[in-house]
Amino acid sequence: MSAPALSEPPQAVHYASPDSLSKAVDILAGDPDATPLAGGTDLAVAIRHGVIHPGLIVDLKNITEMAPAIRHSDGSHSIAANTPMTDIERDHVIRERLPGLVEAAEVVGSVQIRNRATLAGNLSNASPAADTPPVLMALEASVVIVGPAGERRLRIDDLLTGYRETALERGELLVAIEIPDPGPGAGSAFLKLGVRRAMEISIVCVGARVQLADDGAISSSGIGLGSVAPRTVRPTGSEELLRGCQPTSELLAEAGRAALGVCNPIDDLRASAEYRRAMVPVMVERALTIALERARATR
Amino acid sequence: MTSTGETTELVGRSPHRVGGVDRVTGSQEYVADVRLPDALHIQLVTLDCARARIISIDTARAEEAPGVVMVMTADDLPQPVPRHGPQFQDRPVLAVGETKYHGEPVAAVVAETRRAARAAVELVTVEHEELRGGVFTLADALDPESPLVQSPQLRPDDPFAETNILAEHKYVWGEVDHAEADLVVDNTYQFPMITQFAIEPHGFMAAPQDDGITVWSSVQHPFLLQKTIARILGLPLARVRVLAPDPGGGFGGKQNPKYEPLVAFIALATRRPARLILGLGETFQTVRRTSATIRVRSGFDGDGTIVFQDFLSDFLIGAYVDIADRVVGKSNYLAAGPYRVPNVRIVARALLSHTTPSTAMRGFGIPQLSWARESNIDEAARQLGIDPLKLRLRNLAARGEEFIPGETAADGKWAETLEKAAELIGWDTDLPAGRGRGIAVGLKSGPTTGLSYATVRLLSDGSVVLYSGTSDMGQGARTIFAQIAAGELGTLVGSVRVVMGDTSLVPYDQQTSASRSSVLMGNAVLRACRDIQAKLRALIAAHYDLDESEVVVEEGMVMLPDYEMKITRAVGIALGRLGGEIIGNGELRVEGDPDHPLGGKAVFYELNCTACEVEVDTETGEIDLTRYVTVGDVGRALNPNQVTGQDEGAAIMGLGHTLMERMMLDESGRILNMGAVDYRILTAMDVPHQMISASVENADGPGPYGIKGISEGSLLATAPAVASAVTSACGVVIRDLPITPERIWRAKREQR
Amino acid sequence: MIAVDLTVNGRQHTLEVASDVFLLEALRDQLGLTGAKECCLEGECGACTVIVDGRSMNSCLILAAEVEGTAIVTVEGLADDGISNLQRSFLDNAAAQCGFCIPGQLMAAAALLQHNPSPTRAEIRQALAGNLCRCAGYEQIATSVYEAAASMAGADEETMR
């Protein structure tokens, strides 16, 4: 015999829209019921479904320091937290230098979602199925975090700590994403496997980066995998395997197989763990192949 | 004097949709857009499991919450709690004592605002005990240990009363057991639970009137709703006014009353208008298509002639029957499809379960049967080494052939449809490696009975007002009727006002279903126009002092012995000094035949041939639809643009159940993917790269100018055509829908 | 309650809303603009699409409070007078069947044409992928957008001559 737990009706929700980072940090640090709101494409659904009942919604969109901007400097690209995915898709430099990131940004939801959703939000949400973290991981991106204790930086690998968990402390906000420019001889790619060609949550998604040395060998690589573990994972074993080797299709296939080492997929509505495991080598090899072609083209 | 429409400018053209401007400007009012002052908002209270015993419902805390006006439970309803349903009156207005499926409402919160109603739902405490052993699958339903979904007392004389078999339908001709075949192909096919997923979730409102009630609903059958409400409330029909704004998509899911009786009781109890607008997720708990497991055993001669077909069809219907048993009975009657099969045995069972009551959905059971039969024929073609197109053509019934004993004969040159599809897909051309082609045929019978009335008023300036009880849910019925009236009465579509969706204004129509309206209501409209023409003829003859035989009125013109004029001019002359109008009435009655297994013969058939070309990624199992052809035998395309829209639309809906759609349940019968995130329908990006919709037009249908109904044809054979193409592309055979990448991958792996 | 100043279809409004009221409900219930439709309420169907400061967005996912100071266009404001070329093209191609998704489709298409006046069919499909249509008039909708773009480009050339 069971009866649903009694729950009080949701309390009145308050809304704040600070215009500076320091104000936002103060509010968020001081109120455990406060929830930051970026693009809101996930938060809104959670509020509507009653998954969360925030006492205070802190809208980050008017924070000057986080205003939409993509800056390109020597050797690095910086994307301010409030930059919507659409801006990333449309940025010519990003399109040329970081095609893998564009490919990931382009398949996040719909145009309507991408006009609203941000990389920062996609990362902060820490969904294992998110599209952009794998490629950001592969690209060695880091995030700039500001909180009550000041500013710090984290690599994506260190930011994403678990299933929907990040290393962000209370009051900390992700204010920018910094991506090193891969330079000549580098290429990136993103691939997503799903049942539908748009508006899809991946069965497996892969971001890949390949950096070639002058002699054509792989000097370094990066791989990120989504939907195969509680968090976005990085198969460093595959990266090690590739390092210093002349790329061959057999090598890339071996790297694909090696990527399974970090995968611990589950059965869910979208696919079985078994299928996911079978697809990891295929998808990793394919993403590496595309990244390699691009790397060769930029030399 | 029969008009063929040949000289009528408006037949075969595509004027803008009647109601189109409202649809592109946002001014089209759907139920949820209708604002009633002082209206209360309703939110349903449901349990988080399928089958439960309700112990008590405590509404006190919810009723104290701000804005809440009342919480209605079964105890607040007349006792015994009224029940309703189109086939059996089995569905209670609110659950009585137990819930039988996930989402069956146990109470309804009524509040001043929607937010207040939603918030208070959480304050209703339903003490309940989840009952284990619910019936969620066919195996559960056939297991003698399973609990009975419905009480045996409800059908005391039924031999199946002590089982979960609601009904068994058996159709037999010839001698299956004595037929000798060179090859027997015996396979079983699965078709999943699909939901209608109209983009407009169901909306209902009711407002008490001094002497009755007005009910708003996005319903396909307003007159059935009127009858249901009148019976349940004990009101004369004339005191129940049903307003049925054009539904935002129906697809069968809005045919029959659902929560209208509940909303009506709430409006009467509160003496205020009340509205219930479902969310998309709630529609999954309201309507679905019947899932099925179908075993087909077919016998063939070495030359591909079908010797016999033997079907065992198990259809899993829901907790209440709705119209699902009719779906099972009617579709299975056509299990053997458009072929000449001398020996047939069809045994079809409708099995009750603790799931969303399944109801009509576009295709009405035929997609399930086509999936099984056409896939089975495809296997035979492969085993016999005969081209699957040729094998089908060899067995296809010719026009006029009585391919089912005692049933309407084949009403089209069906081979033309197959040949056209084959030509458009390039059936005999070479394909690159990794690609494959498939072809399949679907046949559905149209309505078997019908009753439609239409009233048309020809006003003194030649413009027209037309009254019809059809619901225009996107199929474009308003436009079709306006075209008929405009053609017959010589005016423009823009000068015809089409009034629908109000039972206090429009004459009776049985229903909007089975692609019937252009044919049945179309004929009623045509007859109403002919009635006007006859009256006009008499008036004009009198005016010019002629014998009536000297006056001809047709296709918008009045012809006198030495003079002709348009009806728009003639009507003014005919009406004389007082003016006024000419009123025409039309009636179309299909009585049916009580001795026929379906209660009547098919008025027409919908025949479609689908051909497609796919590329399969053999590593991932992904399918790329490179080319897709659908051809329907439409009689005539009265409005070609609308025919294309219906045809492509049904094909894309069919690709949904073929490639990605299925409702998933957990072990408690909970629907796991209740909404758009995890239940996927095709997006614009998923449409085949090249999509070709074509028609065969021989003007051989029973509707005006030779038309047939066309709105369901192109989803009948989608799944078998795609599956066949997948087999041809990569060698694997899929027998369970949907054909997901994972299923292809698994089949490929097992093949290795 | 908070006050939100915004422009909707060229008219200034001040909305008095609770903090957790969404733009869709504010448009429909407070401004009576029922063109934006309610279906999935989770950004999956696109029926609620409106244009906010030149970009298409799901109004079901935006709090009313978030649109302070923005300019919003709904389907009711798509044409200054009568119907636009885009709307006419939908009529010409019978793209609206039941019509329920059409306001969203139109807003997504209008936003596309604002930044890409001559899209390819592939670009149109991609831009409208967030607008589900169960009547699945996808082909006729895409053709409508394509032809509207072509006719507008033609009209521009006319003007320039």
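Higher on the page you've got the structure.
Everything numeric in this text was worked out from a predicted model, so none of it was measured.

Section: the overall build of chain A
No. 1: In terms of regular secondary structure, chain A is built from 12 helices and 13 strands.
No. 2: Its C-alpha radius of gyration of 20 Å places chain A within 12% of the 19 Å reference for a compact globule of 299 residues.
No. 3: With the C-alpha coordinates of chain A rotated into their principal frame, the extents come out at 65 × 55 × 35 Å.
No. 4: The buried share among the 299 residues of chain A stands at 59%.
No. 5: When contacts within chain A are restricted to residue pairs at least 6 apart in sequence, long-range pairs at least 24 apart make up 62% of them.
No. 6: On chain A, roughly 11,600 Å² of surface is accessible, and the fraction owed to carbon and sulfur atoms is 51%.
No. 7: Computed over 29 positive and 37 negative side-chain charges, the separation of the two mean positions in chain A equals 4 Å.

Focus on the interface of chain C and chain A
No. 1: Every contact between the two is made by 29 residues of chain C and, on the other side, 31 residues of chain A.
No. 2: Together, the buried faces of chain C and chain A total about 2,400 Å²; carbon and sulfur atoms form 53% of this surface.
No. 3: When the buried surface of chain C facing chain A is broken down by residue, Arg55, Leu61 and Glu66 of chain C rank first, second and third, together holding 25% of it.
No. 4: Put simply, Arg116 of chain A and Glu66 of chain C hold a salt bridge, and the shortest N to O gap is 2.7 Å.
No. 5: Seen at the junction of chain C and chain A, the total is 12 residue pairs in polar contact (both at pLDDT 80 or more).
No. 6: Sorting the residues of the side of chain C that touches chain A by element identifies strand S4 (55-58), helix H3 (102-115) and helix H4 (121-127) of chain C as the ones contributing at least two each.
No. 7: Broken down by element, the side of chain C that touches chain A gets its largest block of residues, 4 residues, from S4 of chain C.
No. 8: Looking at the side of chain C that touches chain A residue by residue, the class counts come to 13 nonpolar, 10 polar and 6 charged.

Examining the sheet that holds strand S6 (residues 142-147) of chain A
Residues and elements named next belong to chain A.
No. 1: Strand order across the open sheet formed by 5 strands is S4-S5-S10-S6-S7, with antiparallel pairing between neighbours. Only two strands of the sheet have a single partner each, and these edge strands are strand S4 (70-73) and strand S7 (150-155). Taken pair by pair, the neighbouring strands of this sheet meet at an average axis angle of 20°, ignoring direction.
No. 2: On top of the sheet, helix H1 (residues 21-30) reaches S6 and strand S10 (173-180); it is set at about 125° to S10, its chief contact.

Observations regarding the packing of helix H11 (residues 249-258) of chain A against helix H12 (residues 273-297) of chain A
Residue and element names in this part refer to chain A.
No. 1: Viewed as axis vectors pointing N to C, H11 and H12 meet at an angle of 135°, and their least axial separation amounts to 7 Å. With respect to each other, H11 and H12 are oriented oblique. With respect to the hand of their crossing, H11 and H12 are arranged in right-handed fashion. The segment H11 lies against H12, with Ser249, Leu252, Ala253, Ala255, Gly256 and Arg257 engaging Val280, Pro281, Val284, Glu285, Leu288, Thr289 and Leu292.
No. 2: Looking at the contact of H11 with H12 residue by residue, the classes come out as 8 nonpolar, 3 polar and 2 charged.

Brief notes about the pairing of strand S15 (residues 291-300) of chain B
Residues and elements named next belong to chain B.
No. 1: The buried fraction of S15 amounts to 8 of the 10 residues, a majority that puts the element mostly inside the structure.
No. 2: In terms of strand pairing, strand S10 (residues 183-191) meets S15 through 9 bridges, oriented antiparallel. Looking at S15, one finds that Tyr189 is bridged to Ile294.
No. 3: Here S15 runs beside strand S16 (residues 306-316); their pairing, made up of 10 bridges, is antiparallel. In the strand pairing of S16, Ser298 is matched with Gln309.
No. 4: Hairpin connection of S15 to S16: 5 residues between the antiparallel strands, including Gly304 at a positive phi of 95°.

Quick notes on the rules
- Starting from 1, residues in each chain are numbered consecutively following that chain's sequence as written.
- Lettering for chains starts from A, numbering for ligands starts from 1, and both go in the order in which the items are written.
- Reporting of local features is limited, given that this is a predicted model, to residues whose pLDDT is at least 70; pairs of side-chain atoms are given and counted only at 80 or more, and all residues count toward the totals for whole chains, interfaces and linings.
- Excluding hydrogens and water, the side-chain values take into account all heavy atoms of the structure.
- Put simply, DSSP marks the helices as runs of H or I at least four residues long and the strands as runs of E at least two long, and each gets a number from the N terminus on.
- Atoms considered for the radius of gyration are the C-alpha atoms alone. The globule rule reads 2.2 Å times the number of residues to the power 0.38.
- Only protein chains enter the calculation, and the probe is 1.4 Å; a residue is then buried if its accessible area is under 20% of its type maximum, exposed if over 50%, and partly exposed in between.
- Only heavy atoms matter for contacts: two residues are in contact if any of them lie within 4.5 Å across the pair.
- Only the protein chains shown count as cover for residues, and the accessible areas themselves come from Shrake-Rupley with a 1.4 Å probe.
- When charges are tallied, Lys and Arg are placed among the positive residues and Asp and Glu among the negative ones, while His and the ends of the chain are skipped.
- Lys charges are placed at NZ, Arg charges at CZ, Asp charges at CG and Glu charges at CD.
- Here the buried area means the combined drop in accessible surface, using a 1.4 Å probe, for two parts upon being joined, counting both sides.
- Each salt bridge in this description consists of a side-chain nitrogen of Lys or Arg and a carboxyl oxygen of Asp or Glu lying within 4 Å of one another.
- Whenever two N or O atoms come within 3.5 Å, that pair is a polar contact, provided that in protein one can donate a hydrogen and the other can accept it, and provided that, for residues adjacent in sequence, both atoms are side-chain atoms.
- Residue type decides the class: Asp, Glu, Lys and Arg count as charged, Ala, Val, Leu, Ile, Met, Phe, Trp, Tyr, Cys and Pro as nonpolar, and the leftover types, Gly among them, as polar.
- By this definition, two strands are paired if DSSP reports at least two bridges between them.
- For helices, the axis comes from a line fit to the C-alpha atoms of the stretch in contact; other axes are also lines fit to C-alpha atoms, and the angle between any two N-to-C directions lies between 0 and 180 degrees.
- Just so you know how the angles are binned, under 35 degrees is roughly parallel, over 145 roughly antiparallel, 65 to 115 roughly perpendicular, and the rest oblique.
- The sense of a crossing depends on the near helix, which, turned anticlockwise from the far helix by less than a right angle, makes the crossing left-handed and, turned clockwise, makes it right-handed.

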